[in-house]
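What follows is the residue order along each chain.
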Amino acid sequence: MADRRSCVVRHEPECRGLNNARGFTLIEVMVALAVFSLAALALIRLEGATIRSTALLGDTTLAQMVARNVAVEAITAASPPALGQAAGVEQNGGRAWRWVRVVRRAGDSDVLRIDVSVLDSGGRALGRLTMIRPPQQAVTVS
């Protein structure tokens, strides 16, 4: 049997197997490229989904802040808010946020339930919050 060095120079019949074992075939390279392309496409799609969810998370966080601000204003006001629905616009994070506040009695006639929803420009609720306003304490001045 001939060794590899002598097969490079001479083209003997026993060297045929050694010459074919040097590299990848075109089909092997194309299959490897197809597999790599599929993996790369999956990573690109994953990156797009991550960017979209990050933007939604930022919007939801700001909407929750607006809902908390509106609810705290209603709870800490000197007089209780009127029963029923109220709406308004609040500025936060450089954007205008539309909110809806619903006030109703909860259990005891003096306890108020305050539900706040913050809406995006399409009317979809991004933030919701419910708080309870306890009954007003009578203040006596002596």
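Residues numbered from 1 in each chain as written. Predicted model: local features only at pLDDT ≥ 70, side-chain atom pairs only at ≥ 80, totals over all residues. Heavy atoms only, no water.

(A) Structural detail: the overall build of the protein chain. Looking only at helices and strands, one finds three helices and four strands in the protein chain. Secondary structure elements in the protein chain, listed N-terminal to C-terminal, are α-α-α-β-β-β-β. Across the 142 residues of the protein chain, 24% fall into the buried class. Partitioning the contacts of the protein chain with sequence separation of at least 6, the portion at a separation of at least 24 is 39%. When the accessible surface of the protein chain is split by element, carbon and sulfur atoms take 61% of a total near 10600 Å². (Helix = DSSP H or I, 4+ residues; strand = E, 2+ residues; numbered from the N terminus. Buried < 20%, exposed > 50% of the residue type's maximum accessible area, 1.4 Å probe, protein only. Contact = heavy atoms within 4.5 Å. Areas by Shrake-Rupley, 256 points an atom, 1.4 Å probe, with all protein chains shown as cover.)

(B) Inspection of the pattern of salt bridges at higher detail. All told, the structure shown has four salt bridges when counted by the stated rule. Among the ionic pairs, aspartate 115 bridges to arginine 104, the shortest N-O distance being 2.7 Å. Taken as a pair, aspartate 115 in strand β3 (residues 108-119) and arginine 104 in strand β2 (residues 95-106) lie far apart in primary sequence, 11 residues in all. The class for aspartate 115 is buried, based on a relative accessible area of 14%. Given a relative accessible area of 40%, arginine 104 falls into the partly exposed group. Residue arginine 124 is joined to aspartate 120 by a salt bridge in which the shortest nitrogen-to-oxygen separation is 3.3 Å. A residue is classified by how much of its surface remains accessible, and arginine 124, at 48% relative accessible area, is partly exposed. Using a relative accessible area of 14% as the deciding quantity, one classes aspartate 120 as buried. Several salt bridges share partner residues, and in doing so they unite Arg104, Arg113 and Asp115 into one network. (Salt bridge = Lys/Arg side-chain N within 4 Å of Asp/Glu carboxyl O.)

(C) Examining a nonpolar patch on the surface more closely. A cluster of nonpolar side chains, namely Ile27, Val31 and Val35, defines an oily patch on the protein surface of about 300 Å² accessible area. With respect to the helices, strands and loops of the structure, isoleucine 27 is situated in helix α3 (residues 26-76). With a relative accessible area of 63%, isoleucine 27 lands in the exposed category. (Patch = residues over 30% accessible without salt bridge, like charges linked within 9 Å, V, L, I, M, F, W, Y side chains within 5 Å.)

(D) How the structure looks around the pairing of β2. Note that strand β1 (residues 84-92) and β2 share nine bridges and pair antiparallel. For glycine 88, the partnering residue across the bridge sits in β2 and is tryptophan 99. Hairpin connection of β1 to β2: two residues between the antiparallel strands, including glycine 93 at a positive phi of 65 degrees. (Pairing = 2+ DSSP bridges.)

(E) Focus on the nonpolar core. Counting 16 residues, the largest nonpolar core has Trp97, Val116 and Val118 as the members making the most contacts within it. Sorting the residues of this core by element identifies α3, β2, β3 and β4 (125-133) as the ones contributing at least two each. Looking at this core element by element, the count peaks at six residues for α3. Not counting residues up to four positions away in its chain, the partners in contact with valine 116 are Ala67, Val70, Ala71, Val100, Arg101, Gly127, Arg128 and Leu129. (Core = buried A, V, L, I, M, F, W, Y, C linked by side-chain atoms within 4.5 Å.)

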